[in-house]
Amino acid sequence: MKINLNTFEGLNTPYYILEEARLRRNLALIKNVAEEAGVEIILAFKAFALWKTFHIFREYISSTTASSLSEARLAYEEFGSKAHTFSPAYTDYEIDDIVRCSSHLTFNSLSQYERYHNRVKDIDSSLSIGLRVNPEYSEVGTDLYNPCAVGTRFGVTADKLPDVLPSDIDGFHCHCHCESGADVFVRTLSHITEKFDRWFSQIKWINFGGGHLMTRKDYDIPLLIKTLKDFHKKYPHLKIIMEPGSAFAWQTGPLVAQVIDIVEDRGIRTAIVNVSFTCHMPDCLEMPYMPAIRGAETLEESENKDKYGEKNVYRIGGNSCLSGDFMGLWRFSHELAIGENIIFEDMIHYTTVKTNTFNGITHPSIAIVHVDGEMEILRSFGYEDYKNRMD
């Protein structure tokens with residue numbers, strides 16, 4: 001069916017809606033960066049794993065990155081190529097299957113490398129082994145998302161590396177960004193180089209991880225390309241890999257929900273919707289951050305307590321039993337009505353892979369709107385999906 005992408009009029013149940021035109025725009029930009037800079041950019045499943053769209057991705061990229069056996073299988077079986085795989089720690093009962101689905105395998109510690117490197121090479125001698133390193137520098141402001149915070153469990157610091165790397169270590173993996181700009185990458189890269197360049201002659205590739213939000217409107221693409229080219233000139237033997245997650249699905253579609261009740265307590269009005277922050281938008285509570293709602297002005301609650309009770313100002317409450325399943329405040333242009341659509345912007349990356357079935361709340365359907373305006377439902381959810389998670 002045709003759908004109005006401005007209002008989503010006619011929808012009366014929740015949907016994650018991916019807009020193909022926006023996705024292709026991001027993919028084309030990423031492909032252009034990769035070609036201009038002479039690097040490989042691959043999709044991180046932790047941010048986007050909607051496999052029914054992989055045929056679109058394969059028009060622009062050729063590889064993906066995984067962090068578990070399930071993600072590695074998804075790469076091999078559904079994307080059609082072996083994964084660049086990293087895990088904080090591999091297990092005896094999964095690593096063999098992970099290797100069979102991987103072209104690259106990065107170890108998080110030297111102890112994991114020592115335990116498994118011979119075993120994985122016996123399974124696949126062509127497998128490229130990497131080691132995650134920690135430059136001890138990151139500009140990620142929220143510790144929950146900062147892989148270089150003090151006490152981190154991620155990566156090996158320079159002082160723990162031997163002067164001569166084991167001969168079967170082909171590359172370094174370094175991830176220290178989160179929705180960051182090119183200027184942050186420039187500053188971070190100087191720390192990576194300062195800490196680890198004495199080993200660069202011993203490796204074949206370097207993976208600069210994710211968090212490079214190159215599809216954001218204000219991202220400095222020319223600076224990114226220049227930085228990557230300059231690095232390649234200095235170290236021409238190193239293949240450069242990047243594995244952003246958010247960048248691929250950034251601003252590619254909303255979560256559309258409906259108002260199902262409006263309640264008031266002590267002057268605070270809450271519009272309850274048929275989705276949940278804790279179930280369907282968990283990053284909002286984890287980070288936390290206030291999602292944009294189409295047609296509404298975001299108000300910082302801590303600074304706008306005087307707005308409680310003001311006309312057209314609401315909290316938005318989720319439909320779970322968690323007391324803190326709400327956010328606010330937002331100012332709308334009108335009084336909200338039961339059945340009205342609430343459109344949470346930019347809810348495709350990360351959100352769609354982090355949802356859960358707490359309380360058995362029906363999961364939003366997943367749909368794609370093709371470039372011709374036709375909406376195709378890719379997946380609907382019901383009781384069996386909740387029940388089967390408990391099997």
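First, a word on what this report is: a plain description of the structure on this page. (Residues numbered from 1 in each chain as written. Predicted model: local features only at pLDDT ≥ 70, side-chain atom pairs only at ≥ 80, totals over all residues. Heavy atoms only, no water.)

1. A short note on the packing of helix α6 (residues 182–196) against helix α7 (residues 221–234)
Part 1 of the argument: Between α6 and α7, the shortest axis-to-axis distance is 9 Å and the interhelical angle comes to 20 degrees. The angle between α6 and α7 falls in the class roughly parallel. Remark: the crossing between α6 and α7 carries right-handed chirality. On α7, the residues touching Ala182, Asp183, Phe185, Val186, Leu189 and Thr193 of α6 are Leu223, Leu224, Thr227, Leu228, Phe231 and Lys234.
Part 2 of the argument: Looking at the contact of α6 with α7, its residues break down into 8 nonpolar, 2 polar and 2 charged. (Axes fitted to C-alpha atoms, helices over the stretch in contact; angles between N-to-C directions. Helix = DSSP H or I, 4+ residues; strand = E, 2+ residues; numbered from the N terminus. Parallel < 35°, antiparallel > 145°, perpendicular 65-115°, else oblique. Left-handed = near helix turned anticlockwise from the far one by under 90°. Contact = heavy atoms within 4.5 Å. Nonpolar A, V, L, I, M, F, W, Y, C, P; charged D, E, K, R; others polar.)

2. Examining the nonpolar core
Part 1 of the argument: Counting 98 residues, the largest nonpolar core has Phe172, Phe200, Met214 and Phe344 as its most contacted members.
Part 2 of the argument: With 6 residues, helix α1 (residues 20–37) is the single largest residue contributor to this core.
Part 3 of the argument: What Met214 contacts, discounting residues up to four positions off in sequence, is Leu29, Ile30, Val33, Ile41, Tyr219, Ile221, Leu224, Met242, Pro244 and Ala247.
Part 4 of the argument: In terms of nonpolar packing, the next biggest core, distinct from the first, is built from 10 residues, Phe8, Leu11, Val369 and Met375 among them. (Core = buried A, V, L, I, M, F, W, Y, C linked by side-chain atoms within 4.5 Å. Buried < 20%, exposed > 50% of the residue type's maximum accessible area, 1.4 Å probe, protein only.)

3. A look at the sheet that holds strand β3 (residues 43–44)
Part 1 of the argument: Taken in spatial order, the 9 strands of this open sheet run β2-β10-β9-β8-β7-β6-β5-β4-β3, and their pairing is parallel. Either end of the sheet is taken by a strand with one partner, and the two such strands are β2 (40–41) and β3.
Part 2 of the argument: In the sheet, strand β9 (residues 205–207) pairs with strand β10 (residues 239–242) via 3 bridges, with the strands oriented parallel. Within β10, the position partnered with Ile206 by the bridge is Ile240.
Part 3 of the argument: Across the sheet, helix α3 (residues 69–79) lies against β4 (64–66), β5 (83–86) and β6 (102–107), angled at about 150 degrees from β4, the strand it touches most.
Part 4 of the argument: In this fold α7 packs onto β9 and β10, with an angle of close to 150 degrees to the strand it touches most, β10. (Pairing = 2+ DSSP bridges.)

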